[in-house]
Amino acid sequence: MECGGCVQCDVSLKQFKMATVHLRIGDLVWGKLGRYPPWPGKIVSPPKDLKRPRGKKCFFVKFFGTEDHAWIKVEQLKPYHPHKDEMIKINKGKRFQQAVDAVEEYLKKAKGKDQAHPDDKSKSEKGRKAAKPMKIIEEDDEDAFKGGSSDKPASSMEPITKRLKIIEEDTRSTSIQAADSTAISGSITPTDKRIGFLGLGLMGSGVVCNLLKMGHVVTVWNRTAEKCDLFIQEGARLGRTPAEVVSMCDITFSCVSDPKAARDLVFGPSGVLQGIRPGKCYVEMSTVDSETITELAQVITSRGGRFLEAPVSGSQQLSNDGMLVIVAAGDRSVYEDCSSCFQAMGKTSFFIAGEAGNAARMMLILNMVQGSFMATIAEGLTLAQATGQSQQTFLDILCQGQMASTFVDQKCQNILQGNFKPDYYLKHIQKDLRLAISMGDSVNHPTPMAAAANEVYKRAKALDQSDNDMSAVYRAYIH
């Protein structure tokens with residue numbers, strides 16, 4: 001994975017690259033991973049079953065203050081000590097400071113051990129000259145990687161960072177080489193506006209994690225309150241009700257499952273509407289129909305609030321990676337106020353002129369195409385099996401042709417492995433198909449392909465696949 005520029009500081013990748021570095025296992029380094037700012041880490045031995053990526057020389061780095069680890073190309077690494085002051089100047093985030101503190105704690109422990117055993121130190125230095133670099137990591141070193149001293153909770157963000165964990169940096173991947181119109185051109189300076197976020201589902205969790213990582217002040221609420229705990233530990237504030245979040249914040253985002261949930265959040269007891277005051281901004285990120293958006297926009301603005309719809313195209317993994325595509329419509333000034341937030345959560349954003357509801361229409365069309373395509377891929381895989389053809393060969397050929405994409409490869413691999421862990425819920429893509437078909441009916445436009453795909457997803461739901469990934473539509477063809 002490569003990045004066109006650091007999104008949180010003004011150090012571009014070109015500036016970060018080094019002409020020549022001489023590194024070995026055990027060295028402390030600054031590593032540049034994807035869109036994120038340089039982060040302190042330590043070169044360690046990779047797991048035995050983890051292959052080194054093909055291509056340029058790289059090292060396996062474990063990052064301090066997180067559970068993240070990845071293969072990093074040598075030109076995206078710098079020695080820790082010579083560049084410490086430089087990196088601290090350009091990154092002021094809370095998690096970054098915690099990571100630096102963890103490095104210093106690790107160094108104190110290492111220094112204490114050296115002072116306690118000077119003979120061992122001299123022996124190890126002599127041995128180091130004669131032998132090849134070996135794994136230099138001790139069991140209690142893990143404390144440093146988990147966020148600092150032992151009297152501090154070590155894994156406050158563990159479930160979230162595990163979801164964000166990048167096991168291997170595949171140099172052939174193009175997932176982070178796409179044009180990034182919001183982040184590639186400059187740095188993120190977090191807005192000084194207070195941000196609220198309602199809904200911590202598959203998509204919302206990754207969004208909030210990235211908002212916090214990029215230095216935003218965020219207040220969260222979720223219907224299941226326990227989901228907020230991880231984010232509170234990472235520095236988010238807790239809102240007891242949607243109304244309280246809106247009243248506390250300048251801009252409040254909502255990301256929930258469907259039109260009913262979106263309406264309930266606004267009109268329900270202690271709902272958003274009770275917290276709206278003149279000047280408050282409300283951003284609806286849920287994928288819903290345009291009628292719901294129009295209704296929400298009218299009621300928010302009638303109270304003096306400002307409204308923007310900003311549904312997102314992507315999946316849980318893309319949300320975690322900060323690589324969503326945002327499609328917005330409504331109040332242009334709110335869109336501009338959300339600039340740093342959109343840069344943190346997405347690789348690019350579009351503003352569609354005209355009335356609120358246009359973004360909802362566009363997103364339903366996009367998801368209609370994606371859902372229909374997924375059903376067709378599943379149909380092809382099952383037809384290959386029924387006619388005695390190898391499904392793996394079908395996939396290999398498909399991924400070498402004009403239809404090759406990360407989406408096709410990942411979804412087909414999931415199917416062949418029987419892995420339907422949700423990245424985008426099947427019930428949600430079926431909801432999007434249903435809404436798209438209804439939208440077509442409202443303008444007397446035929447949607448026969450979407451209608452056929454919708455029936456397949458309905459059958460999959462009847463087979464208890466609702467809470468599985470959309471690729472589980474495959475099971476509708478084999479039962």
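These notes cover the structure that comes with them. Every value quoted in this text rests on a predicted model; they were computed, and no experiment measured them.

Structural notes on the overall build of the protein chain
Then, in step 1: Within the protein chain one finds 19 helices and 14 strands.
Then, in step 2: Every one of the 479 residues in the protein chain was classed for burial, and the buried ones make up 52%.
Then, in step 3: Nonlocal contacts in the protein chain, meaning residues at least 24 apart in sequence, comprise 68% of its contacts between residues at least 6 apart.
Then, in step 4: Here the protein chain displays about 22,400 Å² of accessible surface, and carbon together with sulfur accounts for 52% of that area.

Here's the deal with the side chain of Lys431
Then, in step 1: With respect to the helices, strands and loops of the structure, Lys431 is situated in helix α18 (residues 426-442).
Then, in step 2: Classification of Lys431 as buried rests on a relative accessible area of 6%.
Then, in step 3: At a separation of 3.2 Å, a polar atom in the side chain of Lys431 contacts the main-chain carbonyl oxygen of Ser257.
Then, in step 4: Those residues in contact with Lys431, other than ones at most four positions away along the chain, are Ser257, Asp258 and Thr287.

Considering the layout of surface pockets
Then, in step 1: Of the pockets and cavities examined, the second largest pocket occupies roughly 1,100 Å³.
Then, in step 2: Around the second largest pocket sit 42 residues that line it, and Gly201, Cys255, Val256, Ser257 and His428 are the ones nearest its centre.
Then, in step 3: Contributing elements (two or more residues each) for the lining of the second largest pocket: α7 (202-213), α8 (229-233), α10 (259-267) and α18.
Then, in step 4: Considering only residue class, the lining of the second largest pocket consists of 17 nonpolar, 15 polar and ten charged.

Some remarks on the sheet that holds strand β2 (residues 39-43)
For sheets, the rule is that strands pair by backbone hydrogen bonds, running either parallel or antiparallel.
Then, in step 1: The five strands are arranged β4-β3-β2-β1-β5 in an open sheet whose pairing can be described as antiparallel. The sheet terminates laterally at β4 (69-73) and β5 (77-79), the two strands that pair on one side only. When strand polarity is set aside, the average angle formed by the axes of neighbouring strands in this sheet is 45°.
Then, in step 2: Note that strand β3 (residues 58-63) and β4 share five bridges and pair antiparallel. Paired with Lys62 across the bridge in β4 is His69.

Here we look at the nonpolar core
Then, in step 1: Grouped together as the largest cluster of nonpolar side chains are 35 residues, with contacts concentrated most on Phe197, Leu211, Phe253, Val283, Phe342 and Met345.
Then, in step 2: Of all the elements in the fold, those that place two or more residues in this core are β6 (195-198), α7, β7 (218-221), β9 (251-254), β10 (281-284), β13 (324-330), α13 (332-337) and α14 (339-345).
Then, in step 3: If you tally residues by element for this core, the top one is α7, at six residues.
Then, in step 4: Phe342 has contacts with Phe253, Leu308, Ala310, Ile326 and Tyr335, leaving out every residue within four places of it along the chain.
Then, in step 5: Counting 33 residues, the second largest nonpolar core, distinct from the first, contains Leu398, Tyr424, Ala450 and Val456.

With respect to unusual backbone geometry
Then, in step 1: Located in the positive-phi region is Asn444, a residue other than glycine, with phi close to 60°.
Then, in step 2: Considering the arrangement of structural elements, one finds Asn444 in the loop between α18 and α19 (448-462).
Then, in step 3: The exposed category is assigned to Asn444, whose relative accessible area is 71%.

Re the pairing of β4
Then, in step 1: Of all five residues making up β4, five are buried, and the element is well covered by its neighbours.
Then, in step 2: Taking the residues that link successive antiparallel strands as the turn, the β3-β4 hairpin has five residues, and the phi of Gly65 there is positive, at about 75°.

Rules and cut-offs
Residues numbered from 1 in each chain as written. Predicted model: local features only at pLDDT ≥ 70, side-chain atom pairs only at ≥ 80, totals over all residues. Heavy atoms only, no water. Helix = DSSP H or I, 4+ residues; strand = E, 2+ residues; numbered from the N terminus. Buried < 20%, exposed > 50% of the residue type's maximum accessible area, 1.4 Å probe, protein only. Contact = heavy atoms within 4.5 Å. Areas by Shrake-Rupley, 256 points an atom, 1.4 Å probe, with all protein chains shown as cover. Polar contact = N/O pair within 3.5 Å; in protein donor to acceptor, adjacent residues only side chain to side chain. 1 Å grid on protein atoms, 1.4 Å probe; cavity = no way out; pocket = protein on both sides within 12 Å on 5 of 7 lines; lining within 4 Å. Points joined across faces, edges and corners; volume = space filled by probe spheres on them. Nonpolar A, V, L, I, M, F, W, Y, C, P; charged D, E, K, R; others polar. Pairing = 2+ DSSP bridges. Axes fitted to C-alpha atoms, helices over the stretch in contact; angles between N-to-C directions. Core = buried A, V, L, I, M, F, W, Y, C linked by side-chain atoms within 4.5 Å.

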